[in-house]
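Residues per chain are reported as follows:
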Amino acid sequence: MSRTVTALFREDFYLSTCEASVTAILEDGGIELDQTCFYATSGGQPGDTGFFEREDGSRIPIVDTRHGATKDVIVHVPADGQAPLKFGEKLVLHIDWPRRYRLMRMHTACHLLSVVCPYPVTGAAVGEEESRVDFDMSHTIDKDEVTAALMELVEANHPVYVQWITDEELAANPGIVKSKNVRPPVGMGRVSLVCIGEDSSVDSQPCGGTHVSETQEVGAIHIAKIEKKGKENRRFRIRFGTAEDRAAL
Ligand SMILES: [Zn+2]
């Protein structure tokens, strides 16, 4: 049985709802569908939450979305104690859009940070309130200067868009990968390159996550902290709002 799912979130980051049919129900309760707008945990971005609406109007809360054995498999995790779904059942999917949009803004902010700090990325985690990016760098840098450079990129309102390239094209241009330990999402035959600025003038980076379409949508962000994690590692923490707003809380 083929269980390849159409991952609609890869083509449209702003798709918050869609229809789908149940293609498999796993032993642990996980639900697989023929297509989905729910992003599955990957590349430091957490999976979507939300709910499925059944034909009778009842709702199944979804608490997580993750990949199965391969990236072709997407498993939706329902809250405990839900009425079982039926194979082939038609559903309307709804992601928790305010949460996802915050993650998209934060994820895009992480890309901007890698432009401002052009060092190899050794790790990243996108969060709703705070994100962190670890860089392989040994010198000290002023967080307010980084914030100012980030906000300059946000306010310039650069376009953010995806360009698909083949695995072979990526292999021929290894220089476009900034992540040191994070492997680009290869293996599906094609890789999404996230480009910022006209003709990628600001940045381009392989990434399978979801992003906003213009940098202005990121809104006010600031670097809350830069921590020293070992001799050659710096951990940057990005938060929403201005540093001044936060201090006033
Ligand atoms: Zn990304």
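Residues numbered from 1 in each chain as written. Predicted model: local features only at pLDDT ≥ 70, side-chain atom pairs only at ≥ 80, totals over all residues. Heavy atoms only, no water.

In the annotation of an unreviewed UniProt entry, the protein is listed under the name Alanine--tRNA ligase and assigned to Sinorhizobium glycinis. Turning to the protein, the UniProt annotation filed under Subcellular location (unreviewed entry) states: "Cytoplasm". (UniProt positions renumbered as here; feature names shortened; annotations may be inferred.)

Side note on the side chain of Arg 235
For Arg 235, the location among the structural elements is in strand β15 (residues 234–240). A distance of 2.8 Å separates a polar atom in the side chain of Arg 235 from a polar atom in the side chain of Asp 134. Setting aside residues up to four positions removed in sequence, Arg 235 forms contacts with Arg 132, Val 133, Asp 134, Lys 225, Ile 226, Glu 227 and Lys 229. (Helix = DSSP H or I, 4+ residues; strand = E, 2+ residues; numbered from the N terminus. Polar contact = N/O pair within 3.5 Å; in protein donor to acceptor, adjacent residues only side chain to side chain. Contact = heavy atoms within 4.5 Å.)

Notes on the coordination of the zinc ion
Each donor-metal-donor angle would ideally measure 109.5 degrees in four-coordinate tetrahedral geometry, or 90 or 180 degrees in six-coordinate octahedral geometry. In the first shell of the zinc ion, the protein supplies His 107 (NE2), His 111 (NE2), Cys 207 (SG) and His 211 (NE2), at 2.0 to 2.1 Å from the metal. Classification of the site at the zinc ion as tetrahedral follows from its four donor atoms and the range of 98 to 125 degrees in their angles at the metal. The motif formed by the donor residues of the zinc ion, counted along the single chain, is H-x3-H-x95-C-x3-H. Within this pair, whereas His 111 is found in helix α1 (residues 97–116), its partner Cys 207 is found in the loop between β13 (203–206) and β14 (221–228), the two being separated by 96 residues in sequence. Since its relative accessible area comes to 6%, His 111 is described here as buried. When its relative accessible area of 11% is taken as the criterion, Cys 207 is described as buried. (Donors = N, O, S within 2.8 Å, 3.2 Å for Na, K, Ca; no water. Tetrahedral: all angles 85-135°; square planar, octahedral: opposite > 155°, others 65-115°. Buried < 20%, exposed > 50% of the residue type's maximum accessible area, 1.4 Å probe, protein only.)

Section: α1
Over its 20 residues, α1 extends 28 Å from the first C-alpha to the last, a length consistent with the 28 Å expected when each residue adds 1.5 Å. Within α1, 14 of the 20 residues are buried, which leaves it mostly tucked inside the rest of the structure. (Expected span 1.5 Å × (residues − 1).)

Considering the packing of aromatic side chains
A complete count under the given rule lists five aromatic pairs for this structure. Where Phe 135 meets Phe 236, the ring centres are 5.2 Å apart and the plane angle is 80 degrees; that geometry is what we call edge-to-face. Of the two residues, Phe 135 sits in strand β10 (residues 130–135) while Phe 236 sits in strand β15, which places them 101 residues apart along the sequence. Classification of Phe 135 as buried rests on a relative accessible area of 0%. Note on Phe 236: relative accessible area 0%, which makes it buried. The ring of Trp 164 carries the charged tip of Arg 190 above its face, separated from the ring centre by 3.6 Å. (Phe/Tyr/Trp six-rings, centres within 6.5 Å; stacked < 30°, edge-to-face > 60°. Lys NZ or Arg CZ within 6 Å of the ring centre and 35° of its normal.)

Comments concerning the nonpolar core
If you look at the biggest cluster of nonpolar residues, it comprises 31 residues, and the most contacted ones within it are Leu 113, Phe 135, Ile 221, Phe 236 and Ile 238. Of all the secondary structure elements, the ones that give two or more residues to this core are α1, β10, α2 (143–155), β12 (190–196), β14 and β15. Element by element, the count of residues in this core is highest for α1, at seven residues. When sequence neighbours within four positions are dropped, the list of residues in contact with Phe 236 reads Leu 113, Cys 117, Ser 131, Arg 132, Val 133, Phe 135, Met 137, Ile 141, Val 146, Ile 223, Lys 225 and Ile 226. Judged by nonpolar contacts, the second largest core, of 15 residues, contains Val 22, Phe 38, Ile 60 and Leu 85. (Core = buried A, V, L, I, M, F, W, Y, C linked by side-chain atoms within 4.5 Å.)

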